[in-house]
Amino acid sequence: MVLGAQLFSGGWSARPEMEPYVKAGPRAGAERLQRDLLAAHPPGANLGPLRAQLQRYGFECRPSVQQGVAETCRFRLRRSDDQVLTAEVDLGHDGLVVQAIAVRMALSPN
């Protein structure tokens, strides 16, 4: 059953939360993820729940040590045909509240 699911989804095996974004492809997936994150965590929202959601989705977040530089959270997923999908979410914040969210996704060879 798992093999069938991987074949149907193009060989990707993502966490259920990320699956719709991965299946949509890099451009549409990034647009949808950004839209959904901003709807759930608009500017002025508490940063903690946004970080927790990204971690549930499989992102690794590393705070920036430079003041004024966005924190980047990364998600990588390897496909069976040696392609890698990388998603990055840039979080603009002041340490407590969300100021901006920008999402990018790209496919690259492994």
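These numbers come from a predicted model, not from an experiment.

Peer 1: I tried to follow the nonpolar core on my own but got confused; where do I start?
Peer 2: General note: in soluble globular proteins, nonpolar side chains tend to be found buried as a group. Met 18, Leu 33, Leu 54, Phe 59 and Val 89 are the most contacted members of the largest nonpolar core, which has 24 residues in total. Ignoring any residue separated from it by four or fewer positions in sequence, one finds Phe 59 in contact with Met 18, Leu 33, Leu 54, Cys 73, Arg 74, Phe 75, Ala 87 and Val 89.

Peer 1: How do you make sense of the state of the cysteines when you look at a structure like this?
Peer 2: Put plainly, a disulfide is one covalent bond tying together the sulfur atoms of two cysteines. Throughout the structure, instances matching the rule amount to one disulfide. Here Cys 61 engages in a disulfide with Cys 73; their sulfurs sit 2.1 Å apart. Looking down the S-S bond of the Cys 61 and Cys 73 bridge, the torsion is 115 degrees, so its handedness is right-handed. Residue Cys 61 is found in strand β1 (residues 60-62), and its partner Cys 73 is found in strand β2 (residues 71-78); the two are separated by 12 residues along the sequence.

Peer 1: How should the sheet that holds β1 be read in this particular structure?
Peer 2: Note on sheets: strands pair through backbone hydrogen bonds, and any given pair is parallel or antiparallel. Taken together, four strands build an open sheet; the order of strands is β1-β2-β3-β4 and the sheet is antiparallel. Where the open sheet ends on each side, the last strands, each with one partner, are β1 and β4 (98-109). Averaged over all adjacent pairs, the angle separating strand axes in this sheet is 20 degrees, with direction ignored. Judged from the 11 bridges that link them, strand β3 (residues 83-93) and β4 form a sheet pairing that is antiparallel. Each residue of the ladder has a partner; that of Glu 88, found in β4, is Arg 104.

Peer 1: For this particular structure, what's the right way to read the pattern of salt bridges?
Peer 2: Side-chain pairs of opposite charge can arise whenever the charged atoms involved come near each other. Taken as a whole and assessed by the stated rule, the structure comprises eight salt bridges. Two residues, Glu 71 and Arg 51, come together in a salt bridge whose shortest N-O distance is 2.7 Å. Here the residue Glu 71 occupies a position in strand β2, and Arg 51 occupies one in helix α4 (residues 47-57), the gap between them amounting to 20 residues. Overall, the relative accessible area of 25% leaves Arg 51 in the partly exposed class. A salt bridge links Arg 62 to Glu 60, with the shortest nitrogen-to-oxygen separation between them at 3.5 Å.

Rules and cut-offs
- Residues numbered from 1 in each chain as written.
- Predicted model: local features only at pLDDT ≥ 70, side-chain atom pairs only at ≥ 80, totals over all residues.
- Heavy atoms only, no water.
- Core = buried A, V, L, I, M, F, W, Y, C linked by side-chain atoms within 4.5 Å.
- Buried < 20%, exposed > 50% of the residue type's maximum accessible area, 1.4 Å probe, protein only.
- Contact = heavy atoms within 4.5 Å.
- Disulfide = S-S within 2.5 Å.
- Helix = DSSP H or I, 4+ residues; strand = E, 2+ residues; numbered from the N terminus.
- Pairing = 2+ DSSP bridges.
- Axes fitted to C-alpha atoms, helices over the stretch in contact; angles between N-to-C directions.
- Salt bridge = Lys/Arg side-chain N within 4 Å of Asp/Glu carboxyl O.

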